[in-house]
Structures are given as structure tokens and as C-alpha cells.
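Commentary on secondary and tertiary structure
What follows is each chain in one-letter form.
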Amino acid sequence: MSTGLITELNKLNSLERVAKELHTKVQYSTRKELSPYVEGDDTVVKLLNENAKLKHRLAIINQAIADEKKNMSPETDSDNTLLIMDHLEKIFSAAIAEAYPLYSKTPVIIAAVNNVSAKFGDYQCNNAMGLAKKMKEAGISISPRDIATEIKRCCPASPLIDKIEVAGAGFVNVFLSKQHAVSALTTMLRDGISPPNVPKKRILVDFSSPNIAKQMHVGHLRSTIIGESICRLLEFLQHDVLRINHLGDWGTQFGMLIAHLEDRFPNFINESPPIGDLQAFYKESKKRFDDDEHFKKRAYQHVVTLQAGDPKSIKAWQLICDVSRQEFQKIYNRLDVTIEERGESFYQSRMLSVVEFLRSKNLLEHDDGREIMWPNVNKTGIPLTIVKSDGGFTYDTSDMAAIRHRIEEECVNWIIYVVDSGQSTHFNSIFEAAQRCGIANPNEHRIDHVQFGVVLGEDGKKFKTRSGDTVKLSDLLDEGMKCSLKQLQDRGRDQILTPQELSDAQESVAYGCIKYADLCHNRISDYVFSFEKMLDDRGNTAVYLLYTYSRICSIARSSGEDFSNPAKILDAFNIVLDHEKEWKLAKTLLKFFDIIIKCSSGLYLHFLCEFCYEVCTAFTEFYDSCYCIEKDKTGKIVKVNHSRILLCEATAAVLRQCFKILGLKPVAKI
């Protein structure tokens, strides 16, 4: 917009505001009704005359602005049009501010219209009702429909919008532009799927966190899967993400493990002990600890020597940790999880430092031999035990040391703890205490506890083995592989696929169904673990999504042409969205960027799962209604619809990106 127009508009702003306020009050009154007031009040007469002149000048200005906007190409708009919801919020925020300046701060309400109601548009602005109510409270009576009409009139031009209509009592319906959709899909195919622009942050995600000397079990499943997907989501948005495994590698239990190691493998210093089953080793040492007082005393002595840095105790501790690390890494490799170990032992020296830091701020109080810290100045809730009566430290101490290290040394501005809901009270206290002592600043640091429910068996109780033991994660993954292979064999896929293709499909389905069954539920809720439901190829399951993806990939292969380079195809053919199912699929794909932002805002992955299912169902409708390849009676290809196959390729590209975030490994043949 030219400088002259901007200057002129600034001069008119104050007059326009006065005129609009007066216009609102008098627009439904006749001149006759107003005459007793107008004739006796020169001020009102002058304002009405000034208003008439203002309207004329404003009409000229608006026309000039509209003409300039028509001449502006969409590329000159700095708005990120990948985010449809965000873009529409800005459009309608500007429209409301222009139509009703007194209500310019009103939050914009934009909703996507469900597919059944597509005739009412693709998105809807639902502010008119609320504005009518607010105006009525202020003594101004305007119908919601009239408000909606005025909002529509004031909407600035947008490359995303084909048309805007007012319907019903006051709904403003937005119809997306096919031209914009074609442009967006073409860009996806030519350049790949780029993330929407967001402010970049340095983020630390604390997840998985098993304990040394214990097997990873089903209780670690959710933290590991959810944490990995959150990291992938944030990395897609190009944040700087630190993936941290806060291992339980320190504490009194190591005293009994070291004492037991000394007895079982006396020469462990020179020869690596063959500890095959660390879980059994732990149970043996625990039984001795509970039953043998002499052994218990030795165990406590080893805790002291370990904390004092005794070389022999440190060596034993390292050996035990190494055995656990190897077992953990096998699980992480199978689940395709990348994570950096930083156990509790890492924070030993930092615990001493944080204790002195809290003492220097006079935040520690003596309580029955302990040193405690209240999370808030009102001393409500449960205090943190920073130093035990024997001088030792607690989980509270290590968590305070960890959060201080992460903010002050790692310089992160967003910390995410992926830990079960049972720890919510503890983490709330830690976060509150970190703010109270000045470690965390709520204006600079975001700290989230991404909590989740438990995994249930089909009996509705905590998922356990038939004997009542906790289910080992390795056993669970093995069972998934068996069930996956059986399903593929039942479908005769072992007769069609090569051995390598069958193995790839088996792993894709097995691990994919376990991950997806977890992520597709709202993480706050408990969910029932059932391989039968997970492996169902109907409904919102990983199997249905993976089969649909495989079908999409087969279409281009069946065409007899090379679609491996979509950019080359686009040089000769354009995407056309004439059929209603083509248009529906295209609009569904364009929701991807809004869904990504929605997931990252609240760190809920089930929204992305629901989107994947919506894409697959929209594709199935498209595939059933729109021929991509036409053949004659002999099976010879007589026509290839390049536009539709390009739409298939765009669908596959979007699903691939979603699967990557969710940790699913799609295969072209399944």
C-alpha cells in the first residue's frame, strides 16, 4: 500500500471511529424519529454532515486499497498461508476490527465444517451471535445476520478464499479456493512438505527413563513411544531438540547389587561377569537384602563407598549399568528410538550445588532432621525433601538439580517431561519450586508435564502376565511380531511377497500397530491393549493406514509410467480438482499444517492419528469414485489420468510425513 494512502487513512481514523459509533446508534432510526434531537442540537447536525463527507472520502480510499490488493501477487503477502485456520483468524480479525472498532479485541471463532455439510462451505466464522449479544448488553440492537453481513463486507481479499457467504441466523461461511489448493499441492510435490513457520526454540524432552538392573516393561512403553513422537514432531518444526533419558542409575539399590556381584563373581575387576539375566540377578540380591541382616549391612556400606567414589565400587556399578544399557538399546533399536542417556548419577555434584543455592536464598527449613523446601510462599501442598536426616539426597533434590542444569547450562527455554499421570503432584511441586527460587522464569521458560494414563489388559485391569507379573517390553514386541506374521500369512501375503518384503511388512505392521494403538488415544486416558483390535484392518488402526498407503503406492506402479519424479510430470500435466471427491481429498490434505500446529501446542498426538484416518477415508472415497487408470476388456491400459495419480502421490507424501512423526515405517508392498 502506498505511503500516501496510509497517511490519509491515519488522518481519517479518529473521525471514522466517531462516525461508526454514531452510525451504529442511528442506523435503525429514521430521520423523522431523530428530528426532535437533530433540530435542537447543532453538534449532532455537524456530526451527521461530517459523517456523510467521511463516507464519501472513505469509499474512495477503500476503492484505492481494493485496487492495490488486486495488483498484489499472493507471494507478496507475508502471511503463512499454509496455516489455513491461522490465516482465516487474521482475515476475520481485520474484518471485525473494521466493521466494529469497539469490538476489535474480540477473539475470532473459526471452525472447520464437517464433510457432510460441505455445501455450507469449508470453514465458518461464528462470531456474529456473540457480538450481537455484547452489543445488546450495551444497548445496541443489531441482528446477528446483519453483523455477519457487515463482517463479510469488511473481509480483505485472500488467495485462499474463493467466496464468502452469510447463512442462517448469522454464520459466515468460507469456501476455499481450488486455485490455491492446486498451487499448494503442486508445491508439495515439487519441493517436498516443508513445515509451517514457527518461532524456533531449544527444547529438552525427558522420556523413557527405565531403571538400571531392571527390565523395560509395559509401563515404559507409553513414555518411550509418546516421547519419541513428540521429539519427531518438534524436530519437523525445526526446533533444536535434546532427547534425554533420565535413567535411574543411582541410589541405595546399587549397594545390594554390588555386594551380590562380589559374592557371585569375585574376580569381576579382571573378568567381565557373565550376567545373562539382570532381572534375575536383581531379584536374587533383593531376596538376600530382605532375608540376611549381614548382607544388608554390607549393602549399605557399599552405598557409602560408591558415593565416596571408591574405584572398586565404581567399577562394579559401571559393569551393572553396562549390562542394562545393552538390553535397553535392543528395545530402542526395535522401536527406532533415538535418545541420549543422562542418568541420576550425572547430577550428583549438581545436587550439592543446588542445595547450597537454596540455602543461600534461605529457602530451606529444618524439619525433624530434614531440610525441606516449600514450593510456594504460602507453604501449601507437600514440601520437597531436599536433604534427608542422614544427609543424603532424594528424587526432589535430583529433579531440582536437573531442572537447574537444563535451564542454566543447557540453555533450553522449553522442558517437556513425558511421565505418567501418577507423578503430576510431584512435578507440579518441582515446577512451582523452580519458579519460586528463580531458576525458572514463566515469561521465558515453558515447562510441561506430558502425563498419560496406564495400559490396561482386556479385563480392564493393569496389563500383566497370566501369573500376575509385569509384562516385559521385549516379550510384548516378540508377541507383536508373531501376530503380525500370522495375519500376513492368513491373507496369503507370504505367497506374493519376497522373503525380504514379507519381513519388512511384518515389522512394519507389528511395531506400527503397537505404537499407533498408544498414540491414537488421548494420552490422558487409559487404554486397553489388544493385539486383536490393533491388527484389525478396518477402522482407525495402523493396519488400515498402512494398507491404504500401500494401495496408493501401487497405483503409480500400475500405470506403466514413471511417477518417481513428480516435478517432471507436473511440467506436462496440471492437477485438476473437478470431481467432488478429488476436491474433498485435496481439502483434507491441506489441513495437515493446522493439525501439526494443534499437536505441537498441547502435545497431543491423537489429533495427528485422527487426521491420518481422515485422509485415508477421503482417499478411499476418491479411489472408489475416480478412475486413475482405465483399461479395456483385455486389461490393456487405454488411459492414464495423470492429475489423479499426482493427487495420489500428494496423499502418499502427506501420509509419509505423518507416519514419520508417529514412528510408523510404511512399506510400498504389504
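Given the structure is predicted, the values throughout are model-derived calculations rather than measurements. (Residues numbered from 1 in each chain as written. Predicted model: local features only at pLDDT ≥ 70, side-chain atom pairs only at ≥ 80, totals over all residues. Heavy atoms only, no water.)

**Digging into empty space enclosed by the protein**
Counted by the stated rule, this structure contains four cavities of 30 Å³ or more. Listing elements by their share of the lining of the largest cavity, those giving two or more residues are α12 (311-335) and α17 (499-519). The element best represented in the lining of the largest cavity is α17, accounting for five residues. The residue makeup of the lining of the largest cavity, split by class, is three nonpolar, three polar and five charged. (1 Å grid on protein atoms, 1.4 Å probe; cavity = no way out; pocket = protein on both sides within 12 Å on 5 of 7 lines; lining within 4 Å. Points joined across faces, edges and corners; volume = space filled by probe spheres on them. Helix = DSSP H or I, 4+ residues; strand = E, 2+ residues; numbered from the N terminus. Nonpolar A, V, L, I, M, F, W, Y, C, P; charged D, E, K, R; others polar.)

**Here's the deal with the pairing of strand β5 (residues 202-206)**
By the criterion of burial, β5 is predominantly enclosed, with four of the five residues buried. Here β5 pairs with strand β6 (residues 240-245) via five bridges, running parallel. Residue I203 lies in a different strand from β6, and its bridge partner there is V241. In the classification by handedness, the crossover that spans β5, the intervening helix α8 (residues 218-236) and the parallel β6 is right-handed. (Buried < 20%, exposed > 50% of the residue type's maximum accessible area, 1.4 Å probe, protein only. Pairing = 2+ DSSP bridges. Right-handed = clockwise from strand over helix to strand, strands pointing away.)

**Regarding the pattern of salt bridges**
Applying the stated rule across the entire model yields 42 salt bridges. Across the pair E284 and R264 runs a salt bridge whose closest N-O atoms are separated by 2.6 Å. Here the residue E284 occupies a position in helix α10 (residues 278-291), and R264 occupies one in helix α9 (residues 253-264), the gap between them amounting to 20 residues. By relative accessible area, which is 35% here, E284 ends up partly exposed. By relative accessible area, which is 40% here, R264 ends up partly exposed. Between R342 and E410 there is a salt bridge, with the nearest N and O atoms lying 2.7 Å from each other. (Salt bridge = Lys/Arg side-chain N within 4 Å of Asp/Glu carboxyl O.)

It is worth stressing that arrangement in space is one thing and function is another; only the former is reported here.
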